[in-house]
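# Examining the three-dimensional arrangement
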Amino acid sequence: MKRFVFATVFVLTAAPAVAAPPSLLIDCARPVLPDQQAVARLTGLDNPGQVYAARARLMAEAGRACHRDGAQQVRIVLAPQAERARALAAAR
């Protein structure tokens, strides 16, 4: 069974930092792949193949968000519905 990762991508312009849930911050000027352990912590995935694929999807989403006007940074935050979906998948 494939598990999909749902994430929320926020485009940050020059806003001050706010206390936020666990997230990944991507600098649009110099995008760097986050390490797989950070993606695993964010998504809750423990399969290396799934983490690798999730990281690729998240970076593609961040790349699209970086192309928006004025985007300097992109913060990737796990959406609440993904937590519920993961709990439902684990219960099956």
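It should be noted that the structure appears before, not after, this text.
This write-up is about the structure you can find in this document. (Residues numbered from 1 in each chain as written. Predicted model: local features only at pLDDT ≥ 70, side-chain atom pairs only at ≥ 80, totals over all residues. Heavy atoms only, no water.)

### Comments concerning the state of the cysteines
Counting across every chain of the model gives 1 disulfide. What pairs with Cys28 in a disulfide is Cys66, and their sulfur atoms sit 2.0 Å apart. The sign of the -80° torsion about the S-S bond sets the Cys28-Cys66 disulfide as left-handed. With Cys28 in the loop between β2 (23–27) and α1 (36–43) and Cys66 in helix α2 (residues 48–66), the pair connects residues that are 38 residues apart, well separated along the chain. Take Cys28 and Cys66: they sit in the same class, and that class is buried. (Disulfide = S-S within 2.5 Å. Helix = DSSP H or I, 4+ residues; strand = E, 2+ residues; numbered from the N terminus. Buried < 20%, exposed > 50% of the residue type's maximum accessible area, 1.4 Å probe, protein only.)

### Quick look at the side chain of Arg55
Note on placement: Arg55 falls in helix α2. Asp35 is the oppositely charged side chain nearest to the buried, salt-bridge-free Arg55, at an N-O distance of 6.9 Å. Not counting residues up to four positions away in its chain, the partners in contact with Arg55 are Leu33, Pro34, Asp35, Gln36 and Val39. (Lys, Arg positive; Asp, Glu negative; His and termini not counted. Salt bridge = Lys/Arg side-chain N within 4 Å of Asp/Glu carboxyl O. Contact = heavy atoms within 4.5 Å.)

The analysis is restricted to geometry; functional conclusions fall outside its scope.
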